[in-house]
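Residues per chain are reported as follows:
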Amino acid sequence: LEAVLEPKPLPGVVQAAHFRPGGEGVGYHDADAANQGSGAFRQSEGVDLGYCSQEGVDFSVGWTSPAEWFAYDLDVQQAGKYQVTAHVACKGPGGVLQLDLNGQPIGEAAVIPDTGDWQNWQTVSLGVVELEQGEQVLRLTMPEGSAAGVVGNVSQLVFEAAE
């Protein structure tokens, strides 16, 4: 399988494992250089990617630590307000997710709940964001971990037109 690296059209779904190319410091920041995941996808990257049980998603970002981030190229088809949700899983309390657009924080921070298992997916809201038309860079950041230092797994971000 290959990563889909062209800008993601919005409204739509951004697969978490399909971050920008360019490696550490460009497409992502990972706390360690090893790929702790399955090794079956984007093997040359240091990002921890694992198989995903969620329907329609092959791989998720996992083994996440505070201060990690992932960047995505977006192509906003129509300017406006979008509701953003993340599909997450965590065995035990998770950490915090936040979005930045073109270097500026947007939306609301979300805490990943204890979903009971690393593959038991739930949806959390990252709020309503205002997006301008055209290509932009989104960054999914993980500013805080749980008391155990865990953030959680992320399979996808969903952008839906909001009223």
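Before any of the text, the structure's been laid out above.
Residues numbered from 1 in each chain as written. Predicted model: local features only at pLDDT ≥ 70, side-chain atom pairs only at ≥ 80, totals over all residues. Heavy atoms only, no water.

(A) Representation of the packing of aromatic side chains within the structure. Going through the model one piece at a time under the given rule, you end up with 3 aromatic pairs. Ring geometry for Phe 19 versus Tyr 28: centroids 5.4 Å apart, planes at 70°, classification edge-to-face. Each member of the pair, Phe 19 as well as Tyr 28, carries the same accessibility label: buried. In textbook terms, an aromatic cluster arises when at least three aromatic residues are bridged by ring pairs, as seen for Phe 19, Tyr 28 and Phe 70. Its end group placed over the ring of Trp 69, Arg 139 keeps NZ or CZ at 3.5 Å from the ring centre. (Phe/Tyr/Trp six-rings, centres within 6.5 Å; stacked < 30°, edge-to-face > 60°. Buried < 20%, exposed > 50% of the residue type's maximum accessible area, 1.4 Å probe, protein only. Lys NZ or Arg CZ within 6 Å of the ring centre and 35° of its normal.)

(B) Fine view of the environment of Val 158. Following the sequence through the fold, Val 158 ends up in strand 12 (residues 153-161). Assessed through its relative accessible area of 13%, Val 158 is described here as buried. Remark: the alpha-carbon pair of Val 158 and Val 14, spanning 144 residues in sequence, is separated by 6.3 Å. Apart from residues no more than four positions distant in its own chain, Val 158 is found in contact with Gly 12, Val 13, Gln 83, Val 84, Thr 85 and His 87. (Helix = DSSP H or I, 4+ residues; strand = E, 2+ residues; numbered from the N terminus. Contact = heavy atoms within 4.5 Å.)

(C) Here's a closer look at unusual backbone geometry. Pro 11 follows Leu 10 through a cis peptide bond whose omega is 5°. Considering the arrangement of structural elements, one finds Pro 11 in the loop between strand 1 (8-10) and strand 2 (12-15). For Asn 102, which is not glycine, the phi torsion reads 50° and is therefore positive. Looking at the element boundaries, Asn 102 is found in the loop between strand 8 (96-101) and strand 9 (104-111). A relative accessible area of 48% means that Asn 102 is categorised as partly exposed.

(D) Looking closely at the pattern of salt bridges. Per the counting criterion, the structure on display carries 1 salt bridge. Between Asp 73 and Arg 20 there is a salt bridge, and its shortest N-O distance comes to 2.9 Å. Residue Asp 73 is located in strand 6 (residues 69-76), and its partner Arg 20 is located in the loop between strand 2 and strand 3 (28-29); the two are separated by 53 residues in the primary sequence. Since its relative accessible area comes to 16%, Asp 73 is described here as buried. (Salt bridge = Lys/Arg side-chain N within 4 Å of Asp/Glu carboxyl O.)

(E) Structural detail: the environment of Leu 138. Inspection of the secondary structure assignment puts Leu 138 in strand 11 (residues 134-144). For Leu 138, a relative accessible area of 0% gives the class buried. Taking the C-alpha atoms as reference points, Leu 138 and Leu 101, 37 residues apart in sequence, are found 4.6 Å from one another. Residues within four places of Leu 138 in sequence aside, it is in contact with Phe 70, Ala 71, Tyr 72, Leu 74, Leu 99, Asp 100, Leu 101, Ile 106, Leu 157 and Phe 159.

(F) Molecular detail of the pairing of strand 12. Of all 9 residues in strand 12, 7 are buried, a share of seventy percent or more. Here strand 2 pairs with strand 12 via 4 bridges, running antiparallel. When the bridges of strand 12 are listed, Val 14 appears paired with Leu 157. (Pairing = 2+ DSSP bridges.)

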